[in-house]
Amino acid sequence: MELPKAYESSGVEESIYAFWLAKDLFSSRPDTTKKPFTIVIPPPNVTGSLHMGHALNNTLQDALIRYKRLAGFNVCWVPGADHGGIATQNVVEKLLLAEGKNKNDLGREKFLERMWKWREATGDTILEQLKKLGCALDFSRTRFTLDEVCSRAVREAFARLFEKGLIYRGKRLVNWCPRCMTALSDIEVEHEEEIGKLWHIKYPIVKVERQKGRKLERENDFVVVATTRPETMLGDTAVAVNPSDERYKKLVGRTITLPLVGREIKIIADEAVDSAFGTGAVKVTPAHDPTDFDIGARHNLEKVVVIGFDGKMTPSAGKYAGLDRYHARKEILNDLEDAGLLLETVEHPHAVGVCYRCSTTVEPLISEQWFLKVGEMSRRAVEASRAGKIKFYPASWEKPYIAWLENLRDWCISRQIWWGHRIPVYYCKNVPATVAPQKSSDGKSACPPFASVETPVKCPHCGGSKIEQETDVLDTWFSSALWPFSVFGWATDTKDVGVKNDLEYYYPTSVLVTGHEILYLWVARMVQFGLEFMCERPFSDVYIHGIVRDKHGKKMSKSLGNVIDPLDIIKKYGADALRFAMISSATAGRDIQLSDDSFVGARNFANKLYNASRYILMNLEKYPLDDISLDGESLEETDKWILSECAAVSRIVRGHYESYELDKTARAVYDFTWNKFCDWYIEFTKERLYGIDAAARRTALKVLVNILADILKIIHPIMPFVTESLWRALRERLPALKGEFPESIMETAYPSLPASSEEYLKSAADVSFIVEVVTVVRQLREEMKIPAAQKITLQIRAEEKTAARFAERSVYITKLARADKIESNLSLEPRACACVVVKDAEIFIPLEGIIDIAKENSRLASELSKFEGFSRSLSAKLSNEKFLAKAPASEVENTRAKLAEATTKIEKLKSNIKYLG
RNA sequence: GGGCGGUUAGCUCAGUUGGUUAGAGUACUUGCUUGACAUGCAAGGGGUCACAGGUUCGAGUCCUGUACCGCCCACCA
């Protein structure tokens with residue numbers, strides 16, 4: 001016996017993964033005789049190393065892929081990584097900083113060289129780590145969003161949108177991160193709750209003599225505005241009130257002297273002002289606030305920029321110029337205070353926008369950026385959803401997804417960083433020296449900017465060769481949005497037939513698996529671009545899973561120190577355990593809390609599976625089999641029972657896979673394997689395997705092997721390593737069957753067994769009879785404190801038919817209930833016995849001297865009262881006329897049957913109390 | 001300010017179209033070197049299903065409201 005007693009995952013997993021790679025089992029080629037099942041990986045950032053979120057996301061995909069392969073599909077799971085624009089540039093900038101340099105010291109070209117060097121060195125970390133998880137990715141297809149195939153797709157997509165007039169350049173108020181020094185799109189800004197302050201500031205009104213005669217003297221000579229950002233007051237160009245606000249009606253049109261600055265600004269009326277908030281009067285800073293920007297546009301207000309791209313005050317800020325925005329705030333408040341213009345300060349909770357990459361407070365700033373018109377694209381995306389072309393699992397995500405699409409504003413796609421796809425827009429510089437070259441298409445330059453997929457050699461307008469490319473790069477999510485088709489070579493040379501076939505064969509992909517945090521950032525945009533460029537949805541299903549949290553429900557983060565490293569878990573418990581723990585807790589629509597306990601449980605399950613196999617393998621060594629066909633074998637009821645249970649679980653699990661309820665697949669296989677197969681069936685087979693009847697032994701062993709093979713296949717998508725290693729072990733012990741047992745379990749087919757026949761259902765009833773008898777006897781033994789080693793005699797008092805049932809199954813009952821024999825006698829007069837009732841039979845255990853009569857009596861009494869209570873509630877139900885009238889007949893009948901059973905039991909318990917008393 | 005999800009055993013969670021006196025894992029208690037497994041086996045204690053109403057013969061499950069927790073969205077200064 002060379003099999004160790006416990007399953008040891010380390011070592012096994014590496015060699016199995018190497019075996020899969022060597023056999024090239026992960027790669028897929030178009031094959032028109034088979035249906036494809038395609039998943040493109042949500043490309044992790046090249047900066048990333050595997051965390052629990054990746055582990056969960058990829059385990060779910062791997063389970064789906066592996067299941068579908070067994071189910072007969074040509075599966076293709078495409079790996080890759082995202083260049084991760086800002087995030088990645090930040091990482092390398094930090095490295096430079098440690099060397100005392102910044103990116104401007106290097107210049108664009110040298111800096112990018114440095115970025116690529118870094119990417120070559122560390123960028124594949126995460127893909128390597130996914131191998132440890134067991135992911136069956138087709139590595140021959142690995143893509144990187146910045147490689148030539150994907151970059152070409154980006155340029156092609158951009159150029160097409162540009163030609164359609166959907167891309168435009170404009171000077172607008174955008175979200176600006178003063179730390180990353182770039183614009184951000186609306187969804188790249190996160191909102192953090194903060195208890196800020198609302199400062200009330202007096203703005204003096206310029207007195208106008210003779211304007212309204214005497215009355216004027218009695219009016220307030222100032223307006224009070226409320227603001228959370230006093231530093232922006234330097235850029236105020238108006239004060240606005242609601243037009244219907246009676247308090248201020250008379251003041252509209254009047255002039256105010258802006259404190260600290262001295263600029264004269266007007267009081268204007270605008271609907272955007274909520275008269276119920278603050279004082280009802282709002283300072284208007286068109287250059288630094290989105291609402292104010294709109295108000296300014298309506299009233300033609302000047303935009304005074306007082307905060308610069310670096311977050312410091314500009315020269316327009318006068319004496320505050322050069323100060324950091326928060327430092328300036330302090331100074332301004334001091335100065336206002338000194339001037340007696342600061343009235344009150346109220347605590348004010350509000351949300352502050354922060355950069356999703358560095359958490360710096362975002363500044364709304366005016367700058368020139370490229371935008372994509374998304375109206376038509378998002379309308380088509382909504383249509384696709386409404387037509388049922390894209391389904392969410394769980395469905396509850398569809399509503400917020402559609403709502404988001406419907407309220408979408410144009411997408412700011414330009415970024416002022418260097419790492420990314422440089423926008424393929426070119427400016428013709430071939431203009432008379434008198435006219436300065438312009439980036440914008442405002443008509444001043446001789447030629448309008450143009451987009452081009454290839455690097456242009458001359459201007460398409462004037463033929464000039466002095467051409468400069470736009471320096472901004474694209475939002476990293478622009479390339480991500482193309483991912484489902486760019487990975488298959490969209491926009492690459494169509495003469496390459498292989499590439500063309502791939503796209504046709506694999507697109508649209510089957511399912512997208514992702515966490516909900518990038519539903520808008522990524523999923524919605526893939527749908528828009530898929531419909532735009534491929535005229536076809538990128539995937540039919542979106543499987544959205546929860547976020548991994550720690551055991552207290554907190555998000556895992558480095559700063560909280562509650563991060564669980566999946567690689568540690570793999571080392572300690574094995575990849576299978578990690579996978580099983582994650583899958584079984586991934587309930588649809590809920591976040592996932594993981595603790596060490598869950599991994600221990602999963603590891604134990606792997607061990608259980610291993611040991612069940614070990615039992616079979618060891619017996620196979622002793623009693624080799626040439627075939628495992630059950631034809632002609634005389635199956636007993638336990639065999640039929642386990643076969644039908646196995647068929648049922650394979651069917652149930654199949655259904656759960658189809659509806660992406662992977663947690664249920666895990667629970668179902670666990671329950672079947674442990675509670676049915678191991679706890680009962682294996683115990684049943686010991687009688688035959690260790691007996692002397694060779695034919696019976698062969699039958700039992702054949703059934704065991706059949707069930708084990710099916711269990712391994714059913715569990716394989718969740719726990720690929722242990723199932724593969726056990727498959728291999730099984731195959732080695734069945735040398736005559738190498739044809740039927742492929743080398744790898746990945747090459748087998750998912751079990752599809754017919755539904756149970758009547759005969760099999762009857763055997764299920766027989767087995768449950770055994771289980772019930774054994775269970776009650778065990779309970780009684782425990783309660784009576786009968787030592788485990790002590791054998792007991794079971795005396796049965798029952799009608800002939802029931803008595804026969806006991807006799808037929810006596811081997812199992814005696815063995816599992818630790819009895820030495822079963823005696824049956826209808827006219828039995830028990831003395832000094834413990835008693836249990838099963839169906840219409842009474843089981844007595846005579847144990848003179850061991851049993852405590854008083855104790856047994858009280859046990860029977862409590863048993864009795866339990867059933868009497870139950871019986872009462874059933875009787876009450878049945879004597880309720882409304883119940884009889886309204887409940888379905890089957891329900892009434894059910895209740896009657898239960899009552900009858902309870903009544904029998906009660907009678908027998910009563911009579912036994914009498915005997916004992 | 002909207003929207004979504006959660007609240008079931010000490011802990012983590014199941015609970016299908018309403019139908020026994022609500023389950024699992026784990027932890028806890030007790031007993032077991034049972035010819036696969038102590039990463040195990042057997043048994044046990046432990047829950048007013050957040051709260052308040054309602055619908056129904058019958059509610060953990062459906063409806064309304066409340067509380068608390070979490071998430072997403074939103075230009076109220």
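About the cut-offs
Residues numbered from 1 in each chain as written. Chains lettered and ligands numbered in written order. Predicted model: local features only at pLDDT ≥ 70, side-chain atom pairs only at ≥ 80, totals over all residues. Heavy atoms only, no water. Helix = DSSP H or I, 4+ residues; strand = E, 2+ residues; numbered from the N terminus. Rg over C-alpha atoms; globule rule 2.2 N^0.38 Å. Buried < 20%, exposed > 50% of the residue type's maximum accessible area, 1.4 Å probe, protein only. Contact = heavy atoms within 4.5 Å. Areas by Shrake-Rupley, 256 points an atom, 1.4 Å probe, with all protein chains shown as cover. Lys, Arg positive; Asp, Glu negative; His and termini not counted. Charge placed at Lys NZ, Arg CZ, Asp CG, Glu CD. Axes fitted to C-alpha atoms, helices over the stretch in contact; angles between N-to-C directions. Parallel < 35°, antiparallel > 145°, perpendicular 65-115°, else oblique. Left-handed = near helix turned anticlockwise from the far one by under 90°. Polar contact = N/O pair within 3.5 Å; in protein donor to acceptor, adjacent residues only side chain to side chain. Near = heavy atom within 4 Å. Nonpolar A, V, L, I, M, F, W, Y, C, P; charged D, E, K, R; others polar. 1 Å grid on protein atoms, 1.4 Å probe; cavity = no way out; pocket = protein on both sides within 12 Å on 5 of 7 lines; lining within 4 Å. Points joined across faces, edges and corners; volume = space filled by probe spheres on them. pLDDT = per-residue confidence, 0-100. Phe/Tyr/Trp six-rings, centres within 6.5 Å; stacked < 30°, edge-to-face > 60°. Lys NZ or Arg CZ within 6 Å of the ring centre and 35° of its normal. Pairing = 2+ DSSP bridges. Core = buried A, V, L, I, M, F, W, Y, C linked by side-chain atoms within 4.5 Å. Arc of directions from axis to C-beta. Expected span 1.5 Å × (residues − 1).

Q: Quick question: what am I supposed to make of the overall build of chain A here?
A: Scanning chain A for helices and strands turns up 28 helices and 29 strands. Radius of gyration (C-alpha) of chain A: 38 Å, far over the 29 Å computed for a compact globule of 917 residues. Expressed as a percentage of the 917 residues in chain A, the buried residues total 53%. For chain A, the share of sequence-separated contacts (at least 6 apart) that also reach a separation of at least 24 residues comes to 79%. Taken as a whole, chain A presents about 41400 Å² of accessible surface, with 50% of it coming from carbon and sulfur. Taking the average location of the 127 positive side-chain charges in chain A and that of its 126 negative ones, the two points are 2 Å from each other.

Q: Please explain the packing of helix α18 (residues 596-622) against helix α21 (residues 694-715) as it appears in this structure.
A: In a packed pair of helices, the relevant descriptors are the angle between the two axes and the axis-to-axis distance. Viewed as axis vectors pointing N to C, α18 and α21 meet at an angle of 150 degrees, and their least axial separation amounts to 10 Å. One element, α18, and the other, α21, form an angle in the roughly antiparallel class. Once α18 is placed against α21, the crossing between them reads as left-handed. Residue-level contacts link Phe605, Leu609, Ser613, Tyr615, Ile616, Asn619 and Leu620 of α18 to Leu701, Leu704, Val705, Leu708, Ile711, Leu712 and Ile715 of α21.

Q: Just to check I follow, could you spell out the side chain of Thr699 for this structure?
A: With respect to the helices and strands, the residue Thr699 is situated in helix α21. Within the structure, the side chain of Thr699 is placed 2.6 Å from the side chain of Glu633, a separation counted as a polar contact.

Q: Explain the environment of Met719 to me, please; I cannot follow it from the model alone.
A: Within the secondary structure layout, Met719 lies in the loop between α21 and α22 (720-732). Take Met719: its relative accessible area is 0%, and that puts it in the buried class. In the structure, Met719 is positioned 53 residues away from Ala666 in sequence and 9.7 Å away in space, judged by C-alpha atoms. Among all residues touching Met719, those that are not within four sequence positions of it are Asp576, Ala577, Phe580, Ala602, Phe605 and Ala606.

Q: I keep staring at the protein's contact with RNA strand B and nothing clicks. Help me out?
A: What surrounds RNA strand B is a group of 57 residues, the closest being Asp274, Tyr690, Lys866, Phe870 and Lys886. Sugar plus phosphate: this is where 61% of the atoms of RNA strand B within 4 Å of the protein reside. The separation between a phosphate oxygen of RNA strand B and a polar side-chain atom of Lys399 is 3.2 Å. Here a sugar or linking oxygen of RNA strand B sits 2.7 Å away from a polar atom, N or O, in the side chain of Asn607. Residues that form the surface near RNA strand B fall into these classes: 18 nonpolar, 16 polar and 23 charged.

Q: Hey, could you run me through empty space enclosed by the protein in this one?
A: Picture a little ball the size of a water molecule; that probe, rolled over the atoms, points out where space is still empty. Going through the model one piece at a time under the given rule, you end up with two cavities of 30 Å³ or more. Size it by volume and the largest cavity reaches roughly 60 Å³. Around the largest cavity sit 14 residues that line it, and Gly85, Ile86, Glu188, Asp475 and Thr476 are the ones nearest its centre. Elements with a contribution of two residues or more to the lining of the largest cavity: α3 (85-98) and β21 (473-474). The element best represented in the lining of the largest cavity is α3, accounting for three residues. Looking at the lining of the largest cavity residue by residue, the classes come out as seven nonpolar, three polar and four charged.

Q: Sorry, what's going on with the confidence of the model for chain A here?
A: One rule of thumb: low pLDDT means the predicted coordinates there are not for detailed reading. On average, residues of chain A score 87 in pLDDT, and 94% of them are at 70 or above. For residues 433-444, every residue scores under 50 in pLDDT, and the model assigns this stretch 14 contacts once sequence neighbours within four places are set aside. As scored by the predictor, the complex reaches a pTM of 0.90 and an ipTM of 0.94.

Q: Teacher, can you tell me more about the packing of aromatic side chains here?
A: Tallying each qualifying case throughout the model produces 43 aromatic pairs. Taken together through their ring pairs, the aromatic side chains of Phe158, Phe162, Trp370, Trp411, Phe478, Phe485, Trp490, Tyr507, Phe529 and Phe533 make up a single cluster. The lysine or arginine in question, Lys103, covers the ring of Trp418, its NZ or CZ lying 5.3 Å from the ring centre.

Q: Where do I start with unusual backbone geometry in this structure?
A: The general pattern is negative phi for most residues beyond glycine and trans for most peptide bonds. With an omega of 0 degrees, the peptide bond between Tyr393 and Pro394 qualifies as cis. Mapped onto the elements of the fold, Pro394 is located in the loop between β15 (391-393) and α11 (398-406). With an omega dihedral of -5 degrees, the bond running from Tyr507 to Pro508 counts as a cis peptide bond. Note on placement: Pro508 falls in the loop between α14 (497-506) and β22 (509-515).

Q: Looking at this model, I keep getting lost on the sheet that holds strand β5 (residues 167-177). Mind explaining?
A: One key point about sheets: their strands pair by backbone hydrogen bonds, in either a parallel or an antiparallel sense. Spatial strand order, β6-β5-β14-β16: four strands in an open sheet with antiparallel pairing. Of all strands in the sheet, those bounded by a partner on one side alone are β6 (182-184) and β16 (411-412). Strand direction decides the pairing type here: β5 and strand β14 (residues 363-372), joined by ten bridges, are antiparallel. Across the sheet, Arg172 pairs through a bridge with Ser367, a residue of β14.

Q: Help me understand the nonpolar core, please; the structure alone is not making it clear to me.
A: General note: in soluble globular proteins, nonpolar side chains tend to be found buried as a group. Counting residues in each nonpolar core, the largest one holds 199 residues, and the members touching the most others are Met52, Leu64, Phe158, Leu372, Phe478, Phe529 and Phe677. Residue contacts for Phe677: discarding those within four places in its chain leaves Ala612, Ile616, Ile642, Phe672, Ile682, Leu704, Ile707 and Ile711.

Q: Which parts of the structure should I look at to understand helix α16 (residues 566-573)?
A: An α-helical turn contains 3.6 residues, so a residue and the one three or four places further along point in the same direction. Among the residues of α16, Pro566, Ile569, Ile570 and Tyr573 are the ones counted as buried. Seen end-on, α16 carries its buried residues on one side only, within an arc spanning 100 degrees. Facing away from the buried surface of α16 by more than 90 degrees, the exposed residues are Lys571 and Lys572. Against α1 (12-22), α2 (52-70), α6 (125-133), α17 (575-584) and α18 lie the buried residues of α16.

Q: Help me understand the sheet that holds β22 in this model?
A: The strand order β15-β23-β22 describes an open sheet built from three strands, whose pairing is parallel. Single-partner strands in this sheet number two, and they are β15 and β22. Looking at each pair of strands side by side, their axes are set apart by 20 degrees on average, direction ignored. As paired strands, β15 and strand β23 (residues 539-545) are joined by three bridges and run parallel to one another.

Q: Would you explain helix α10 (residues 375-386) in this entry?
A: Taking 1.5 Å per residue, twelve residues should reach 16 Å; α10 reaches 17 Å between its end C-alpha atoms and fits that length. Those residues of α10 that sit buried are Met377, Ser378, Ala381, Val382, Ala384 and Ser385. The buried residues of α10 all sit within an arc of 155 degrees when viewed along its axis, so they share a single face. The inward-facing, buried residues of α10 abut α7 (148-163), β14, β15, α11 and α15 (519-534). Two residues or fewer past α10, Gly388 is found with a positive phi of approximately 75 degrees.

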